[in-house]
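One letter stands for each residue in the lines below.
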Amino acid sequence: MDRISTLLPKVLEKRGLQKHAEASFIVQQAQAWLAERLPAFVHDLRASSFKDGSLLVSCAHSIAAQECNQVAEELAAYLRSECGAKKLEGIRCVRA
């Protein structure tokens, strides 16, 4: 009998949803990491989307964007190692 951990990726791929599921997981993990690493900016930073190898983080103001840019490499390393985000090329912190 197949385990759910092997069955789920096959079903998602068959239905064409694998990329969407991976992007959603990366965004969710990035948001959790930002909330843990930058608790003072938890309401000012929001991981918005992952598309074409780029994670987009929306920032409420310039100070939040600056703080996000300072930890962007650490976040990218975390996502690559812990979340399997091999396709992650960069992180963009933009004012919303």
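Coordinates for the structure precede this section.
Looking at this structure, I do not really get the pairing of strand β1 (residues 45-51). What am I missing?
If a strand is regular, its side chains alternate between the two faces of the sheet. As judged from the six bridges shared by β1 and strand β2 (residues 54-59), these two strands associate in the antiparallel manner. Within β2, the residue paired with Arg-46 across the bridge is Ser-58. The turn linking β1 back onto β2 is made up of two residues, and Asp-52 within it adopts a positive phi angle of 55°.

Would you mind showing me how to read the sheet that holds β2 here?
Within a sheet, neighbouring strands are paired by backbone hydrogen bonds and run either parallel or antiparallel to one another. Read from one edge of the open sheet, three strands run β1-β2-β3, paired in mixed fashion. Strands at the two margins of the open sheet, each flanked by one partner only, are β1 and β3 (90-95). If you compare each strand with its neighbour and ignore which way they point, the axes differ by 25° on average. With six bridges connecting them, β2 and β3 associate as parallel partners. Pairing of Val-57 across the sheet is with Cys-93, part of β3. Lying on the sheet, helix α2 (residues 18-37) is in contact with β1 and β2; it crosses β1 at an angle near 155°. Each of β1, β2 and β3 is contacted by helix α3 (residues 62-82), which is oriented at about 165° to β3, the strand it contacts most.

Can you help me understand the environment of Cys-68 in this one?
Relative to the helices and strands, Cys-68 is located in helix α3. Taking the C-alpha atoms as reference, Cys-68 lies 11 Å from Gln-31; in sequence the two are 37 residues apart. Residue contacts for Cys-68: discarding those within four places in its chain leaves Leu-38, Leu-45, Val-57, Cys-59 and Cys-93.

Would you mind showing me how to read the layout of surface pockets here?
In this approach, a probe sized like a water molecule rolls over the atoms, and the result shows the empty space that is left. Within this model, the largest pocket holds a volume of roughly 200 Å³. Residue lining of the largest pocket: Lys-19, Glu-22, Ala-23, Phe-50, Lys-51, Asp-52, Gly-53, Lys-87 and Glu-89, and that is the complete set. Those elements that provide at least two residues to the lining of the largest pocket are α2 and β1. No other element matches α2, which puts three residues into the lining of the largest pocket.

Explanation requested: the packing of α2 against α3 in the structure shown.
When two helices pack together, their arrangement is given by the angle between their axes and by how far apart the axes lie. Closest axis-to-axis distance for the α2/α3 pair is 11 Å, and the angle between their directions is 135°. In this view, α2 runs oblique relative to α3, as classed from their interaxial angle. The handedness of the crossing between α2 and α3 is right-handed. Between α2 and α3, the residues in contact are Ile-26, Gln-29, Ala-30, Trp-33, Leu-34 and Arg-37 and Val-71, Glu-74, Leu-75, Tyr-78 and Leu-79, respectively. Tallied by class, the residues present in the contact of α2 with α3 amount to eight nonpolar, one polar and two charged.

What's the story with the side chain of Gln-29 in this structure? I'm lost.
The residue Gln-29 is located in helix α2 in this model. Excluding residues that lie within four positions of it along the chain, Gln-29 makes contacts with Tyr-78, Leu-79 and Cys-83.

Cut-offs applied
Residues numbered from 1 in each chain as written. Predicted model: local features only at pLDDT ≥ 70, side-chain atom pairs only at ≥ 80, totals over all residues. Heavy atoms only, no water. Pairing = 2+ DSSP bridges. Helix = DSSP H or I, 4+ residues; strand = E, 2+ residues; numbered from the N terminus. Axes fitted to C-alpha atoms, helices over the stretch in contact; angles between N-to-C directions. Contact = heavy atoms within 4.5 Å. 1 Å grid on protein atoms, 1.4 Å probe; cavity = no way out; pocket = protein on both sides within 12 Å on 5 of 7 lines; lining within 4 Å. Points joined across faces, edges and corners; volume = space filled by probe spheres on them. Parallel < 35°, antiparallel > 145°, perpendicular 65-115°, else oblique. Left-handed = near helix turned anticlockwise from the far one by under 90°. Nonpolar A, V, L, I, M, F, W, Y, C, P; charged D, E, K, R; others polar.

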